[in-house]
Amino acid sequence: MAAMKAEHVLVVSLRKSGTHLLKEVLAGLGYVLLGAVSSADAQPRPLGRQGALRALGAVYTPDEISQIKRSSDRAAIDLAVSRAVIVLNRAWADRLGMPRTAATDVDPEIDRLTARELSRQSGYRFSDTPGGVCWFTHDLDLGRADENFLLEWARTGTPRIILNYRDPRDVLLSMVNFLVEADTRRLGGFPDHLVYSDILKSARQPSDRIDIALTDPGFPGSDSFERALWLLRHPRVCKVSFEALIGPDGGGSAAAQSTEINRIVDFLGMADDINTASRHALASRIFNRTSHTFRTGQIGAWREHFTPNHQALVEHRYGYLLRLYGYQ
């Protein structure tokens, strides 16, 4: 029997592992994108009436929802839905243990609703969030993730979880380049991005920046591969690599890309819904140069920048992880 289409999906995409690739795939499959991801680069379908009602139901009380429905002010209704989505993003970011970011909006009502949502000790489930949605996070630490979420997932398999990763050497190099070249607006509100951007920009030589990335325990994303090992090992998690998904434009192969897309489609229970032409269309949109965080999108760029000393540092700190994730 074919698997049912997943209404709730969680992508755990390690920072600088090609999150934009999965964004394009999941948006192309028709999912709304929420969580630690900007939907500006990949256009998902609208939330829709049922999704909006689910968002309202997850955040507002029945009396508040009745009042919203009775309103003849369309702008007020749209504002209520927008606030509900922001509140869900913030609340589930906290419950999933996502790294905190600086809030970009100043809205006391959102703050109030978020605090109320997080104060609920029972009665909330991830499956109560809007359907047809793919949530993104850069981390899912077992020690920080909400226990109710983990129990729900263990018992029901909801949401379907996808782990996206990349060669740690390319991840660290990509993070170095991003932090040095990006302006403050593009650093995503992550406090550690802002801190290490200043640190790296003060380094004299490019090689010194790589030294920092390989030796500083606080460097952004430096410990994410260890925290994701449980996901890598879990049989109900779909593992996706940057190298397989990037395709020929990024130094990979069309065959590997096609195989990876097929695995994702099958994992999400959409094998009967996505024909061959649609799968080719997904492949064609993956390598998106307009993505917010796109730079070069190439496999093995670290080889051009790592010195023998850097490679020794990699082996000392990441050698066993390289082998566990399949990088030699």
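Everything below is about the structure printed above this text.
Here we summarise the structure given alongside this text. Since we're looking at a predicted model, the values are computed, not measured. (Residues numbered from 1 in each chain as written. Predicted model: local features only at pLDDT ≥ 70, side-chain atom pairs only at ≥ 80, totals over all residues. Heavy atoms only, no water.)

### Side note on the overall build of the protein
Turning to step 1, where the next piece is worked out: Scanning the protein from terminus to terminus reveals 15 helices and five strands.
Turning to step 2, where the next piece is worked out: At 20 Å, the protein has a C-alpha radius of gyration in line with the 20 Å of a compact globule built from 328 residues.
Turning to step 3, where the next piece is worked out: Dimensions of the protein, computed from C-alpha atoms along their principal axes, come out at roughly 65 × 45 × 35 Å.
Turning to step 4, where the next piece is worked out: Looking at the protein alone, contacts between residues at least 24 apart form 76% of all its contacts between residues at least 6 apart.
Turning to step 5, where the next piece is worked out: When the accessible surface of the protein is totalled, it reaches about 15500 Å², and 52% of it is carbon and sulfur.
Turning to step 6, where the next piece is worked out: Seen as two clouds, the 40 positive and the 38 negative side-chain charges of the protein have centres 2 Å apart. (Helix = DSSP H or I, 4+ residues; strand = E, 2+ residues; numbered from the N terminus. Rg over C-alpha atoms; globule rule 2.2 N^0.38 Å. Contact = heavy atoms within 4.5 Å. Areas by Shrake-Rupley, 256 points an atom, 1.4 Å probe, with all protein chains shown as cover. Lys, Arg positive; Asp, Glu negative; His and termini not counted. Charge placed at Lys NZ, Arg CZ, Asp CG, Glu CD.)

### Quick word on the layout of surface pockets
Gaps left between atoms are located by rolling a probe of water-molecule size over the structure's atoms.
Turning to step 1, where the next piece is worked out: Of the volumes computed, that of the second largest pocket is approximately 210 Å³.
Turning to step 2, where the next piece is worked out: Every residue lining the second largest pocket is listed: R49, A52, L53, L56, I68, K69, R74, I77, D78 and V81.
Turning to step 3, where the next piece is worked out: Looking at the lining of the second largest pocket, the elements that each hand over two or more residues are α2 (48–59), α3 (62–70) and α4 (74–95).
Turning to step 4, where the next piece is worked out: Considering only residue class, the lining of the second largest pocket consists of six nonpolar, no polar and four charged. (1 Å grid on protein atoms, 1.4 Å probe; cavity = no way out; pocket = protein on both sides within 12 Å on 5 of 7 lines; lining within 4 Å. Points joined across faces, edges and corners; volume = space filled by probe spheres on them. Nonpolar A, V, L, I, M, F, W, Y, C, P; charged D, E, K, R; others polar.)

### Some points on the packing of helix α7 (residues 168–181) against helix α9 (residues 206–215)
Turning to step 1, where the next piece is worked out: At a closest axis distance of 10 Å, the pairing of α7 and α9 adopts a crossing angle of 120°. Classified by the angle their axes make, α7 and α9 are oblique. Crossing of α7 over α9 shows right-handed handedness. For the pair formed by α7 and α9, the contact residues are L172, L173, V176 and V180 on the first element and R209, I210, A213 and L214 on the second.
Turning to step 2, where the next piece is worked out: Split by residue class, the contact of α7 with α9 holds seven nonpolar, no polar and one charged. (Axes fitted to C-alpha atoms, helices over the stretch in contact; angles between N-to-C directions. Parallel < 35°, antiparallel > 145°, perpendicular 65-115°, else oblique. Left-handed = near helix turned anticlockwise from the far one by under 90°.)

### Section: the state of the cysteines
Turning to step 1, where the next piece is worked out: Under the defined criterion, the tally for this structure stands at zero disulfides.
Turning to step 2, where the next piece is worked out: As a non-bridged cysteine, C134 has C238 as the owner of its nearest cysteine sulfur, 11 Å distant.
Turning to step 3, where the next piece is worked out: C134 gets classed as buried once you look at its relative accessible area, which sits at 0%. (Disulfide = S-S within 2.5 Å. Buried < 20%, exposed > 50% of the residue type's maximum accessible area, 1.4 Å probe, protein only.)

### What about the environment of A254?
Turning to step 1, where the next piece is worked out: Here A254 is to be found in helix α13 (residues 254–267).
Turning to step 2, where the next piece is worked out: Residue A254 is classed as partly exposed on the basis of its relative accessible area, which comes to 47%.

### Focus: the pattern of salt bridges
Turning to step 1, where the next piece is worked out: Per the stated rule, a full pass over the model turns up 15 salt bridges.
Turning to step 2, where the next piece is worked out: Two residues, R74 and D78, come together in a salt bridge whose shortest N-O distance is 3.2 Å. With R74 and D78 both in helix α4 and four residues apart, this pair spans about one turn of that helix.
Turning to step 3, where the next piece is worked out: Two residues, R263 and E260, come together in a salt bridge whose shortest N-O distance is 3.1 Å. Taken together, the positions of R263 and E260, both in helix α13 and three residues apart, correspond to about one turn of that helix.
Turning to step 4, where the next piece is worked out: On the basis of relative accessibility, which here comes to 33%, the residue R263 falls in the partly exposed class.
Turning to step 5, where the next piece is worked out: Residue E260 is classed as buried on the basis of its relative accessible area of 8%. (Salt bridge = Lys/Arg side-chain N within 4 Å of Asp/Glu carboxyl O.)

### Describing unusual backbone geometry
Glycine aside, residues mostly have negative phi, and peptide bonds are mostly found in the trans state.
Turning to step 1, where the next piece is worked out: A cis geometry characterises the amide bond from T158 onward to P159, with omega recorded as 0°.
Turning to step 2, where the next piece is worked out: Mapped onto the elements, P159 comes out in the loop between α6 (147–156) and β4 (160–165).

### Digging into α7
Turning to step 1, where the next piece is worked out: Compared with the 20 Å implied by 1.5 Å per residue over 14 residues, the 20 Å span of α7 between its first and last C-alpha is a close match.
Turning to step 2, where the next piece is worked out: Those residues of α7 hidden inside the fold are in contact with α8 (191–202), α9, α10 (224–227) and α15 (308–324). (Expected span 1.5 Å × (residues − 1).)

### Section: the pairing of strand β3 (residues 133–137)
Turning to step 1, where the next piece is worked out: Most of β3 sits inside the fold, with five of its five residues counted as buried.
Turning to step 2, where the next piece is worked out: Alternating residues of β3 divide into V133, W135 and T137 and C134 and F136, and every residue in both groups is buried.
Turning to step 3, where the next piece is worked out: Both strand β1 (residues 8–13) and β3 contribute to a ladder of five bridges, which runs parallel. What sits directly across from V11, in β3, is F136.
Turning to step 4, where the next piece is worked out: Both strand β2 (residues 32–35) and β3 contribute to a ladder of four bridges, which runs parallel. By the bridge assignment, L34 is partnered in β3 with W135. (Pairing = 2+ DSSP bridges.)

### Considering the packing of α2 against α4
Turning to step 1, where the next piece is worked out: Following both chains from N to C, one finds α2 and α4 inclined at 65°, their axes separated by 9 Å at the closest point. In this structure, α2 crosses over α4, and the sense of that crossing is left-handed. Counting all contacts with α2, which are made through A52, A55, L56, A58 and V59, the residues of α4 involved are A80, V81, A84, V85, V87 and L88.
Turning to step 2, where the next piece is worked out: A per-class count over the contact of α2 with α4 returns 11 nonpolar, no polar and no charged.

### Comments concerning the packing of aromatic side chains
Turning to step 1, where the next piece is worked out: Tallied over the full model, the rule gives 10 aromatic pairs.
Turning to step 2, where the next piece is worked out: Between W92 and F126, the aromatic rings sit 5.0 Å apart at their centres with planes inclined by 80°, giving edge-to-face as the arrangement. In this pair, W92 is assigned in helix α4 and F126 in the loop between α5 (108–119) and β3, connecting sequence segments 34 residues apart. Each of the two residues, W92 as well as F126, counts as buried.
Turning to step 3, where the next piece is worked out: Joined through ring pairs, the aromatic side chains of W92, F126, W135 and F149 make up one cluster.
Turning to step 4, where the next piece is worked out: The ring of W92 carries R95 above its face, with NZ or CZ at 4.9 Å from the centroid.
Turning to step 5, where the next piece is worked out: Over the ring of W153 we find R236; its NZ or CZ atom is 4.6 Å from the centre of that ring. (Phe/Tyr/Trp six-rings, centres within 6.5 Å; stacked < 30°, edge-to-face > 60°. Lys NZ or Arg CZ within 6 Å of the ring centre and 35° of its normal.)

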